[in-house]
Amino acid sequence: MVFPDIIPAIALTEKGGFEVIKRVDIPFPKPSPAQILVKVNYVGINFIDNYFRSGLYPVPQWPYILGEESSGTIVSLPTDTAVLNDPDYQQRKFAVGQRVAIKERAQLAEYSVAHWKNVIPVPNTVSLLVAAATPAQAYTALTFVEEAYNIRPGDVVFIHTVAGGLGLNLAQIAKLRGATVIGTTSTPEKAKLAKDNGADHVILYKEEDVVKRVLEITNGEGVHATFDGVGKDGVEIDFQIIRRKGTIILVGNASGPVPPIAPLRLAQKNIKLLRPIVDNYLTTPSEYFYYGQKLNDLLSQGKLKVQITTVSFTEEAVRQAEMDLTGGKTAGKLIVKVREEE
């Protein structure tokens, strides 16, 4: 197969506003002996893109190629003998032409590379479009409801911005685990979407007193756990609605990073406070495979559904999508269509 020397990608050219999101030409990626080369079909858009753009998270170099998740087909396999003989690698049964999903950075290009452990085969029952829409949010949801706070039947959990991509995943998975789900969103339309995807109670935070409503719903006890992707503007609500011995999970920084919290504040109700990241739950090959199989099963059985909006593979479309995401104008998942599924 003949490959081009140069391919297009969408990247950040420097730290700054949305104008730094640009189409760039990059050399065709050369996989290391432990990497898989993939012909990309779809790439997900996520809040973390803007953490890099704003400088909240550092980047290794400029231009910084966007994209934390993708789907496509394998073009070439690892060449390292130790990798090829690794039982975890062999368990995946990789082959050239195989459909796969990837959770790794620098994916928003016509071709990408990824370490083999971050690549999961996609079953024929799942489209590549859906496969690209799930790794970042669904892996986060699956690991957080099992390891950050192990949701049990009868628990009451609270999810900020429940109609967003992560919120909808969390709501559905929490419901499958037997929880009562309370969430917030901005419009009646988004509230209906959230209720259609597992939320039992949805509070319109622009119109209602969130703390008052949560305490009414829980008869004054509060919730067992909060999942907070809002950050700075959400954490005070978390402390007011969490019950004694409850767990606050800080998921993201949509409104900015959470200010320092004094440890003594946790003593008010013996609260647990966590700020995990999904990559520290998905570190070993066996962890990736475990959650990858869980995700494939949920998608294949129709137990996890994804609301998807696609945008074109242009700097203008990606720039607007990032603006819409951070501006709270989206529901569900935004996906860049790099090329059609063959």
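Residues numbered from 1 in each chain as written. Predicted model: local features only at pLDDT ≥ 70, side-chain atom pairs only at ≥ 80, totals over all residues. Heavy atoms only, no water.

Colleague: How would you sum up helix 10 (residues 285–300)? Please name residues and give values.
Modeller: Look at helix 10: 22 Å from first C-alpha to last across 16 residues, which is about the 22 Å you get at 1.5 Å a residue. Those residues of helix 10 lying buried are P285, Y288, F289, Y291, G292, L295, N296, L298 and L299. Of the surrounding secondary structure, the elements contacted by the buried residues of helix 10 are helix 3 (87–92), strand 6 (99–103), strand 8 (119–121), helix 4 (128–132), helix 5 (135–148) and helix 6 (165–176). G302 occupies a position one or two residues after helix 10 and carries a positive phi of about 70°. (Helix = DSSP H or I, 4+ residues; strand = E, 2+ residues; numbered from the N terminus. Expected span 1.5 Å × (residues − 1). Buried < 20%, exposed > 50% of the residue type's maximum accessible area, 1.4 Å probe, protein only. Contact = heavy atoms within 4.5 Å.)

Colleague: An account of the nonpolar core is requested, with residue identities and associated values reported.
Modeller: Residues Y139, I151, V157, F227 and I249 are the most contacted members of the largest nonpolar core, which totals 49 residues. The leading source of residues in this core is helix 5, at 7 residues. Those residues within four positions of V157 in sequence are excluded, and the remaining contacts are I151, A174, A179, T180, V181, I182, V223, A225 and F227. Residues L12, Y51, V59 and L325 belong to the second largest nonpolar core, which totals 23 residues. (Core = buried A, V, L, I, M, F, W, Y, C linked by side-chain atoms within 4.5 Å.)

Colleague: Quick one: what's the story with the layout of surface pockets, residue by residue and with numbers?
Modeller: If you add up the space inside the second largest pocket, you get close to 440 Å³. Those elements that place two or more of their residues in the lining of the second largest pocket are strand 2 (21–27), strand 4 (64–65) and strand 7 (111–115). Within the lining of the second largest pocket, the residues separate by chemical class into 12 nonpolar, 3 polar and 3 charged. (1 Å grid on protein atoms, 1.4 Å probe; cavity = no way out; pocket = protein on both sides within 12 Å on 5 of 7 lines; lining within 4 Å. Points joined across faces, edges and corners; volume = space filled by probe spheres on them. Nonpolar A, V, L, I, M, F, W, Y, C, P; charged D, E, K, R; others polar.)

Colleague: Tell me about the UniProt feature "domain: Enoyl reductase (ER)" (unreviewed entry) in the protein, and name the residues and values.
Modeller: Those places that UniProt annotates as "domain: Enoyl reductase (ER)" (unreviewed entry) correspond, in this numbering, to residues 16–336. With 31% helix and 25% strand, residues 16–336 has its two end C-alpha atoms placed 22 Å apart. (UniProt positions renumbered as here; feature names shortened; annotations may be inferred.)

Colleague: Quick rundown of the sheet that holds strand 4? Include the residues and the values.
Modeller: Across the sheet, which stays open at both edges, the 3 strands sit in the order 2-1-4 with antiparallel pairing between neighbours. Because the sheet does not close on itself, it has two edges, and the strands there are strand 2 and strand 4. Of the pairings in the sheet, the one linking strand 1 (residues 6–12) to strand 4 comprises 2 bridges and is antiparallel in character. The residue bridging A11 from the neighbouring strand is I65, located in strand 4. Contacts from helix 11 (residues 315–326) reach strand 1 and strand 2, with the element oriented near 130° to strand 2. (Pairing = 2+ DSSP bridges. Axes fitted to C-alpha atoms, helices over the stretch in contact; angles between N-to-C directions.)

Colleague: Pulling in residues and values, what's your account of the packing of aromatic side chains?
Modeller: In the structure shown here, the tally under the stated rule is 11 aromatic pairs. Here F52 and Y57 contribute two aromatic rings whose centre-to-centre distance is 5.8 Å and whose plane-to-plane angle is 75°, an arrangement assigned as edge-to-face. Residue F52 is classed as buried on the basis of its relative accessible area of 2%. Taking the centre distance of 5.7 Å and the plane angle of 80° together, the rings of F144 and Y281 count as edge-to-face. Within this pair, whereas F144 is found in helix 5, its partner Y281 is found in the loop between strand 14 (272–274) and helix 10, the two being separated by 137 residues in sequence. The class of F144 is buried, set by a relative accessible area of 2%. Among the residues examined, Y281 registers a relative accessible area of 13% and is labelled buried. One aromatic cluster is present, built from ring pairs that chain together Y51, F52, Y57 and Y64. One residue, R53, lies across the ring of F18, its end atom 4.0 Å from the ring centre. For R265, the ring lying beneath its charged end belongs to F239, and the centroid distance is 4.1 Å. (Phe/Tyr/Trp six-rings, centres within 6.5 Å; stacked < 30°, edge-to-face > 60°. Lys NZ or Arg CZ within 6 Å of the ring centre and 35° of its normal.)

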